Amino acid sequence: MPKDFADKDAYLKTPPVPVPDIVGSTANPVDWLKRIPGASLAFTMHDAGPADGIAFRPLFDVHHERYSVYWRVGNRNPKPQ
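Residues numbered from 1 in each chain as written. Predicted model: local features only at pLDDT ≥ 70, side-chain atom pairs only at ≥ 80, totals over all residues. Heavy atoms only, no water.

J.: Please explain the confidence of the model for the protein chain as it appears in this structure.
T.: Detailed reading of predicted coordinates is not advised where the pLDDT is low. Looking at the protein chain, the pLDDT average stands at 80 and 79% of residues meet or exceed 70. Mean pLDDT across the elements of the protein chain ranges from a minimum in strand S5 (residues 73-75), with 78, to a maximum in strand S3 (residues 43-45), with 94. (pLDDT = per-residue confidence, 0-100. Helix = DSSP H or I, 4+ residues; strand = E, 2+ residues; numbered from the N terminus.)

J.: Is there a simple way to explain the sheet that holds strand S2 (residues 33-35) in this structure?
T.: In a beta sheet, neighbouring strands pair by backbone hydrogen bonds and run either parallel or antiparallel. What the three strands build is an open sheet, ordered S2-S3-S4; its pairing is antiparallel. Two strands in the sheet have a free side with no partner beyond their single neighbour: S2 and strand S4 (55-56). (Pairing = 2+ DSSP bridges.)

J.: Would you explain a nonpolar patch on the surface in this entry?
T.: On the surface, a cluster of nonpolar side chains totalling about 520 Å² of accessible area is made up of Leu 59, Tyr 67, Val 69 and Tyr 70. Note on placement: Leu 59 falls in the loop between S4 and S5. (Patch = residues over 30% accessible without salt bridge, like charges linked within 9 Å, V, L, I, M, F, W, Y side chains within 5 Å. Areas by Shrake-Rupley, 256 points an atom, 1.4 Å probe, with all protein chains shown as cover. Salt bridge = Lys/Arg side-chain N within 4 Å of Asp/Glu carboxyl O.)

J.: It is not clear to me how the packing of aromatic side chains should be interpreted in this structure. Could you clarify?
T.: Two measures describe an aromatic ring pair: the distance that separates the ring centres and the angle between the ring planes. Inspection of every chain in the model, using the stated rule, returns one aromatic pair. With a centroid separation of 5.3 Å and 35° between ring planes, the pair formed by Phe 56 and Trp 71 is classed as tilted. Pair noted here: Phe 56 is in strand S4 and Trp 71 is in the loop between S4 and S5, with a separation of 15 residues, a long-range link. Residue classification places Phe 56 among the partly exposed positions, given a relative accessible area of 24%. (Phe/Tyr/Trp six-rings, centres within 6.5 Å; stacked < 30°, edge-to-face > 60°. Buried < 20%, exposed > 50% of the residue type's maximum accessible area, 1.4 Å probe, protein only.)

Quick look at the structure:
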């Protein structure tokens, strides 16, 4: 989003990007986040269904890019009730 310096409203009419659900074998992030070697506080998703391969980085590192803060987390193996 390089134009946001000059025109803060340049992307107001841009359609939202769908955010995939995190669907892992558990709801515990330890099970589906893997640290990116050599990077500080950066992780990639694995074994997370449609969210596989997505990188998580600190917010200060994603300025001028689209990002999501809130994610739906599901469990592909829910316990029977």
